[in-house]
Amino acid sequence: MNLALSNTQNVLADLNNRIRLIQADINSLPKTERDLIGIQRKFTINENIYVYLLQKKAEAEITKASNMPKNTILDFAKAGQEPVAPKRTLNLLIGLILGMIVPIGFITIKDFLNTKIEDPKELENQIKVPLIGMVGRNNSDDALPVLNNPRSTVTESFRSLRADMSYLSQQKENLTILFTSSISGEGKTFVSINMASVYALMGKKTILIGLDLRKPKIAEDFGLPNDKGMSTCLSSDTPWQSVVKSSGHQDLDVILSGPIPPNPAELLLQDKFTHIINEIKQAYDVVIFDCPPVGLVSETKELFALADISFYVFRQGYSMKGNTQILNNLVEKGGVTKIYGILNDMHIDKGYGYGYGYGYGYGYGGNSYGYHEEATPLPWWKRALRRK
């Protein structure tokens, strides 16, 4: 331990001795040279700092030059007297054109694609016979509105049709009326039943004969069993008087079509059928034929000769526009005369008084009486789009 300490002290003494010798050499230099060395030292430090700053400045300028756009603004924008866009006149012109083209195009496409009969005037122009009447929509489930709801607008439609009969068949005590259509579902049975009913209410002895042997419907509407009828008489020796059924209402009898036969067309073309019809005409004031659709079966064409007046029933919004050609062919090629058109189920308002708000009323003072049928109000958007 003492040896190490002694060696350290010897080293320290040697170093101090060297320092003294160096300082002695420095002190031996002139004073001016010493000052120069100090100045050179400061110059070197300042020069290094200056060079460092110049380097950083150059790097900053390079970075700035790389981020600056190369384009140069030659002239600043100036505001004009009128805006460049939007142009009010052009926008109004485009709006006017679109406001006319879009609705007209929509209406044109809608009418072009619509294949159903809706406008009575259009139907009247397409058929080659007079359109004698229009029947409003029956808003109830009752198939006999004339008998069960005499104040309804539908009943008034049939009264109006009955009044027109006096002009169509003048000076005729007994009357035979035939109803047919193009296809099933157009309402010929509904019209024939209620037309028979309106004559019965008038006091005329009326009989309704169901001649649609393929698809009978009268029995269901009157709630009668279709166990016997015209097919029974034509296929056997049963007299027609035995198949006459009471409708449950005064002056109105019914001959149903009866059980569906395998050969309905041949049955109706027998001489026996003509003989039966002639006897029925002598027994009743008004005879109503509910015939099968003439557009689907052939036997109806032979029945026109047995009727005084024939009616071809169309249904608004249901019958196809092409069905009018069937009626025109009957007149032009089939030689059918005294035939007229009826538009059934009028519910789309085309300016004929049927549809929303339809009704009759006659007021005297504070009281009113007449015919009235409450209509279900249409939604606001349908009322807005209704054609006046």
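Residues numbered from 1 in each chain as written. Predicted model: local features only at pLDDT ≥ 70, side-chain atom pairs only at ≥ 80, totals over all residues. Heavy atoms only, no water.

### Examining the packing of aromatic side chains
As enumerated under the stated definition, the model contains four aromatic pairs in all. On the basis of an interplanar angle of 65° and a centroid distance of 6.0 Å, the ring pair of F158 and F190 is categorised as edge-to-face. One end of the pair, F158, is in helix α6 (residues 153-168); the other, F190, is in helix α7 (residues 188-201), with 32 residues separating them in the sequence. A relative accessible area of 0% means that F158 is categorised as buried. Consider the rings of Y312 and F314, whose centres lie 5.0 Å apart with planes at 40°: the pair is tilted. Judged on exposure class, the residue Y312 and its partner F314 are both buried. (Phe/Tyr/Trp six-rings, centres within 6.5 Å; stacked < 30°, edge-to-face > 60°. Helix = DSSP H or I, 4+ residues; strand = E, 2+ residues; numbered from the N terminus. Buried < 20%, exposed > 50% of the residue type's maximum accessible area, 1.4 Å probe, protein only.)

### Considering the pairing of strand β6 (residues 286-290)
Taking burial as the measure, the five residues of β6 include five buried ones, the bulk of the element. The two faces of β6 match: V286, I288 and D290 on one face and V287 and F289 on the other face are all buried. Summarising the sheet, strand β2 (residues 175-181) and β6 pair through five bridges and their orientation is parallel. Across the sheet, T176 pairs through a bridge with V287, a residue of β6. Here strand β3 (residues 206-210) pairs with β6 via five bridges, running parallel. Looking at the pairing, G210 lines up with D290 of β6. (Pairing = 2+ DSSP bridges.)

### Section: the confidence of the model for the protein chain
Here the protein chain averages 82 in pLDDT, while 89% of its residues score no lower than 70. The model gives residues 353-376 a pLDDT under 50, and that stretch makes 42 contacts with residues more than four places away or in other chains. (pLDDT = per-residue confidence, 0-100. Contact = heavy atoms within 4.5 Å.)

### Section: α7
With 14 residues, α7 ought to run about 20 Å at 1.5 Å a step, and its terminal C-alpha atoms sit 20 Å apart, in line with that. Burial of α7 is extensive: 13 of the 14 residues sit out of reach of the surface. Immediately downstream of α7, the backbone of G203 shows phi near 95°, a positive value. (Expected span 1.5 Å × (residues − 1).)

### A look at helix α11 (residues 271-283)
Compared with the 18 Å implied by 1.5 Å per residue over 13 residues, the 19 Å span of α11 between its first and last C-alpha is a close match. For α11, the set of buried residues is F273, I276, I277 and I280. Burial along α11 is one-sided: seen end-on, the buried residues are contained in an arc of 100°. In this structure, α11 carries D271 and Q282 as exposed residues pointing more than 90 degrees from its buried face. (Arc of directions from axis to C-beta.)

### Section: the pattern of salt bridges
What the rule picks out here adds up to 11 salt bridges. The partner of E59 in a salt bridge is K56, and the shortest N-O contact between them spans 3.8 Å. Of this pair, E59 and K56 are both found in helix α2 (residues 31-67), three residues apart, which corresponds to roughly one turn of the helix. For E59, a relative accessible area of 37% translates into the label partly exposed. For K56, a relative accessible area of 40% gives the class partly exposed. The salt bridge partner of E156 is R159, with a shortest N-O separation of 3.7 Å. One end of the pair, E156, and the other, R159, are both in helix α6, three residues apart, so they sit about a helical turn from each other. Taken as a pair, E156 and R159 share a single burial class, namely buried. Through salt bridges that share partners, R137, R315 and D345 make up one connected network. (Salt bridge = Lys/Arg side-chain N within 4 Å of Asp/Glu carboxyl O.)

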